[in-house]
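Inside the fold
Listed below are the residues making up each chain.
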4 protein chains.
Amino acid sequence: MNRDSGNGPGVQPLRERVRRATRAAILEAAEAVFSARGFGAARMEEIAEQAGVAVGTLYNYFDDRSALLLAVLEESARELEERLGDPALLAEGPFVQQLERFFAKVLEHQQAHFRLFAILVQEELEQGRLPARPVRRPALLKPMHRLAEQLVASGVRQGALRAEDADLYPTFLVAMLRGLFTRQLCARGAPPEVAEAPRLARFFLHGAGGHR
Amino acid sequence: MNRDSGNGPGVQPLRERVRRATRAAILEAAEAVFSARGFGAARMEEIAEQAGVAVGTLYNYFDDRSALLLAVLEESARELEERLGDPALLAEGPFVQQLERFFAKVLEHQQAHFRLFAILVQEELEQGRLPARPVRRPALLKPMHRLAEQLVASGVRQGALRAEDADLYPTFLVAMLRGLFTRQLCARGAPPEVAEAPRLARFFLHGAGGHR
Amino acid sequence: MNRDSGNGPGVQPLRERVRRATRAAILEAAEAVFSARGFGAARMEEIAEQAGVAVGTLYNYFDDRSALLLAVLEESARELEERLGDPALLAEGPFVQQLERFFAKVLEHQQAHFRLFAILVQEELEQGRLPARPVRRPALLKPMHRLAEQLVASGVRQGALRAEDADLYPTFLVAMLRGLFTRQLCARGAPPEVAEAPRLARFFLHGAGGHR
Amino acid sequence: MNRDSGNGPGVQPLRERVRRATRAAILEAAEAVFSARGFGAARMEEIAEQAGVAVGTLYNYFDDRSALLLAVLEESARELEERLGDPALLAEGPFVQQLERFFAKVLEHQQAHFRLFAILVQEELEQGRLPARPVRRPALLKPMHRLAEQLVASGVRQGALRAEDADLYPTFLVAMLRGLFTRQLCARGAPPEVAEAPRLARFFLHGAGGHR
DNA sequence: CATGAATGAGGGTTCATTCAT
DNA sequence: AATGAATGAACCCTCATTCAT
């Protein structure tokens, strides 16, 4: 409004900022609706309503429903990756602390996005489907799996983990997180506390067996 | 009354046999299609085709799409329950063997119904949704959870399991099975081998920690 | 059973009697269901159930749904005609008595078949429709109209009725019966009493005007 | 704010006008199709065709088939009420003139909407049915009945009508109109002329009896 | 660009009719 | 001739997508 109110380089940023804000509002609304209804049952109209725009506007930002879905998933995956990308995570200290930090990070993310996380968990299995219209799904929990693998490799290198079943450990790391998440969500409607991280680590390292 | 024996108890059983066969064919086709497409995307027409009947026939056996879905789920739950109902499972021997038998039984079931099992796992999370039209879903994996709880309780009683995190153990038992299942299904398109049971048991009892 | 129990002229009547009984049962059931649901909403299966036969059997007696409907209507028309065919109706006595007997007869019929009568009344208007599949409907209330016309003609001949609006009188005779019927049915769920006949006759002869 | 006058209050009214026009087109088409086919046999597709819109559009304006039907009926009832709401109808002059005006008004309405009027008449009886899914129908001919009752009450007060059968008079007023209507429609495919009003009034006041 | 009404293919469901037993 | 399961055309309705304003 101050200067460059014409067509100069000052207007473009304004337009650009509005565009970004609209896009963000749509993505947020889409996440909310996908989370509440599930991917299959989420309707474009409800997303538009929630975002405060007209349905047509959705199509100005995303090619179609699939693209919107994909964008939501990618956005979430990107955010999880960011959270887990902290190099300090693996860097230092005894293995048990690395492990606890890993669990804590994922639990934090579950807290922040637990509804959508539920969908991600669910959708992981959707991979095996023959879709009516084939749809590319990103590997959503890939960052988590990748980090789990790095963690296990690191643990084995340090001699903190036995090597014999090492192929299963990443799977179990993720499975425990998912299992706890599902249990809490079904039982209390809320994701697990970050404070559960040490118990997860203890089980992962020593199992449930009695003789310690 | 006697002469009717070729007409009463002779003909009726035929009709009845055909009915049962048709019903079974529909359920099987429905399981296949629900598994391949997911619950939301399964179309009645495809189920009918797969079953080798007309669409209308589906409605002679099941009230509507929901009822068919429910019947498939109940059938599967019933079968899993049957499989896990074997009292020998918990009865005798050292705890590690009980544990291995439990894992083996569930892995067997996954082998038999792996496609549908994928859906069951997926649907467990569907519980938290706000459905458009509310739908009663049976607690499909309940039998598995229940048995896991019994197993843990038994292990704690025998001193084979530490009591401190016992509230988490059933969740982890199931989560490990689910995690392994998902990994195999995504990686190879096939469920895990029953032979994995001892490795599952080992991890559950001793964890991944290195000092044995 | 006594003689001719073979293939002779004694067996045919038995078969014939059974056929007639079945046919009658179907017609009765059809009347009931048509009356309860309306012609459009009456389903063949419900008719079969009510008649105590299988659906297929309906088609052994009637070509299709339309034919069954037609048969019900014709049956009812025949019965009304029979009731109104009594020659004593027009034969003797002062006109007002003829009139009262006419009203009483129709009211009787309404009592006996009031549900179906409601349909007949309703269907009279269906004539003007463009049917999806053209269907021949019999002139169901024709007997009633015909008798009304005879009655009016007789009244005019006797000098009991003014001639000037005589073309309208049969219409009004029937309309009054129908109006009373509809009113009672809607208000009380029951057809009018036969005892209303004199009031109908009085209105028809003298109108509602005050100066007598 | 001022410049928007081509965009705010200028564009909105356009959309609004189009909406109203579309809604009106749908209602008109629906009246035509309901009238031509009857309520049960009217198909949404035909209504859409007749209105020049797609099927989906019908559902942008009305919740479902029932709601559309209801809207048509209410619209018609509203219009009849408007037509009969003229206070001059009962206000002045000798009773016979009030009566003739009443008949004339209803005959006018029959002229304007004779097809739908046929349905209204028919549907009045539908009330007594056990519907598959219960459906609220508005009291469509209520305005006509109500006015008939007022007219009779007024006539009795003025001493123009005998009080003894006054409970039947409104029924007969309506019945005569309906009877005449049905007769003309069946016989000529057209509703009765407004010019019939005096004959209706004469019969209502004096009946058909000969001695004047 | 935003808007939101129009579109119409697609899916669930019903039910008159057929036909093998 | 009776049976009743199978059939599939026909209908209502949904909702992703388009496009004129």
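Residues numbered from 1 in each chain as written. Chains lettered and ligands numbered in written order. Predicted model: local features only at pLDDT ≥ 70, side-chain atom pairs only at ≥ 80, totals over all residues. Heavy atoms only, no water.

Let's talk about the overall build of chain A
Counting secondary structure elements, chain A contains 10 helices and 0 strands. Going residue by residue from the N terminus, the α and β elements of chain A occur as α-α-α-α-α-α-α-α-α-α. Across chain A, contacts joining residues at least 24 apart in sequence account for 66% of those joining residues at least 6 apart. Summing over all exposed atoms, chain A offers an accessible surface of approximately 10600 Å²; the carbon and sulfur share of this is 50%. (Helix = DSSP H or I, 4+ residues; strand = E, 2+ residues; numbered from the N terminus. Contact = heavy atoms within 4.5 Å. Areas by Shrake-Rupley, 256 points an atom, 1.4 Å probe, with all protein chains shown as cover.)

Considerations on the protein's contact with DNA strand E
Of all residues adjacent to DNA strand E, which total 32 residues, the nearest are Arg43 and Tyr59 of chain B together with Ala54, Thr57 and Tyr61 of chain D. Close to the protein, within 4 Å, the atoms of DNA strand E are drawn from sugar and phosphate at a rate of 73%. A distance of 2.9 Å is found between a phosphate oxygen of DNA strand E and a side-chain nitrogen or oxygen belonging to Asn60 of chain A. Elements with a contribution of two residues or more to the surface near DNA strand E: helix H3 (55–61) of chain A, helix H3 (55–61) of chain B together with helix H1 (11–37) and helix H3 (55–61) of chain D. With 5 residues, the top contributor of residues to the surface near DNA strand E is H3 of chain A. Counted by class, the surface near DNA strand E contains 15 nonpolar, 7 polar and 10 charged residues. (Near = heavy atom within 4 Å. Polar contact = N/O pair within 3.5 Å; in protein donor to acceptor, adjacent residues only side chain to side chain. Nonpolar A, V, L, I, M, F, W, Y, C, P; charged D, E, K, R; others polar.)

Some points on the UniProt feature "domain: HTH tetR-type" (unreviewed entry) in chain A
If you check UniProt for "domain: HTH tetR-type" (unreviewed entry), the listed places come out as residues 20–80 of chain A in our numbering. A distance of 21 Å separates the end C-alpha atoms of residues 20–80 of chain A, which is 80% helix and 0% strand. (UniProt positions renumbered as here; feature names shortened; annotations may be inferred.)

Quick look at the domain arrangement of chain A
All names here are of chain A. Each assigned domain of chain A is listed here: domain 1 (1–62) and domain 2 (72–206). With 7 residues of domain 1 in contact, the opposing surface of domain 2 contributes 7 residues. Both sides of the domain 1 and domain 2 interface together cover about 690 Å² of buried area, and 77% of this is carbon and sulfur. Of all residues in domain 1, Glu31, Ser35 and Phe39 bury the most surface against domain 2, accounting for 73% of the area lost on that side. Residues that form the side of domain 1 that touches domain 2 fall into these classes: 4 nonpolar, 2 polar and 1 charged. (Domains from an automatic or database assignment. Buried area = accessible area lost by both parts, 1.4 Å probe.)

Considering the protein's contact with DNA strand F
Taken together, 30 residues surround DNA strand F, and among them Arg15, Ala54 and Gly56 of chain B together with Arg43 and Tyr59 of chain D come closest. In the interface set of DNA strand F, defined as its atoms within 4 Å of the protein, sugar plus phosphate atoms amount to 73%. In the environment of DNA strand F, a phosphate oxygen lies 2.9 Å from a nitrogen or oxygen atom belonging to the side chain of Thr57 of chain B. Elements represented by at least two residues in the surface near DNA strand F include exactly helix H1 (11–37) and H3 of chain B together with helix H3 (55–61) of chain C. Among the elements that line the surface near DNA strand F, the one with the most residues is H3 of chain C, at 5 residues. Tallied by class, residues from the surface near DNA strand F come to 14 nonpolar, 7 polar and 9 charged.

With respect to the side chain of Gln98 of chain D
Mapped onto the fold, Gln98 of chain D is located in helix H6 (residues 95–112). With a relative accessible area of 2%, Gln98 of chain D lands in the buried category. (Buried < 20%, exposed > 50% of the residue type's maximum accessible area, 1.4 Å probe, protein only.)

Topic: the UniProt feature "DNA-binding region" (unreviewed entry) in chain A
Here, the residues flagged by UniProt with the feature "DNA-binding region" (unreviewed entry) are residues 43–62 of chain A. Secondary structure within residues 43–62 of chain A divides into 75% helix and 0% strand; the distance between the first and last C-alpha atoms comes to 15 Å.

Some words on the nonpolar core
Counting residues in each nonpolar core, the largest one holds 76 residues, and the members touching the most others are Phe102, Phe103 and Phe204 of chain A together with Phe102, Phe103 and Phe204 of chain B. Those residues within four positions of Phe102 of chain B in sequence are excluded, and the remaining contacts are Leu89, Met144, Leu147, Ala148, Leu151, Leu173 and Leu177 of chain B. Core analysis: the second largest hydrophobic core is formed by 74 residues, Leu177 and Leu205 of chain C together with Phe95 and Leu151 of chain D among them. (Core = buried A, V, L, I, M, F, W, Y, C linked by side-chain atoms within 4.5 Å.)

Considerations on the environment of Leu90 of chain B
Residues and elements named next belong to chain B. Its location among the elements puts Leu90 in helix H5 (residues 88–91). According to the relative accessible area criterion, Leu90 is partly exposed, its value standing at 23%. Placed 34 residues apart in sequence, Leu90 and Gly56 show a C-alpha to C-alpha distance of 46 Å.

Section: the pattern of salt bridges
All names here are of chain B. Counted according to the given criterion, the structure contains 56 salt bridges over all chains. In this structure, Glu82 and Arg78 form a salt bridge, with 3.2 Å as the shortest nitrogen-oxygen distance. Of the two residues, Glu82 and Arg78 are both situated in helix H4 (residues 65–84); the distance of 4 residues between them amounts to about one turn of the helix. Residue Glu82 is classed as exposed on the basis of its relative accessible area, which comes to 56%. (Salt bridge = Lys/Arg side-chain N within 4 Å of Asp/Glu carboxyl O.)

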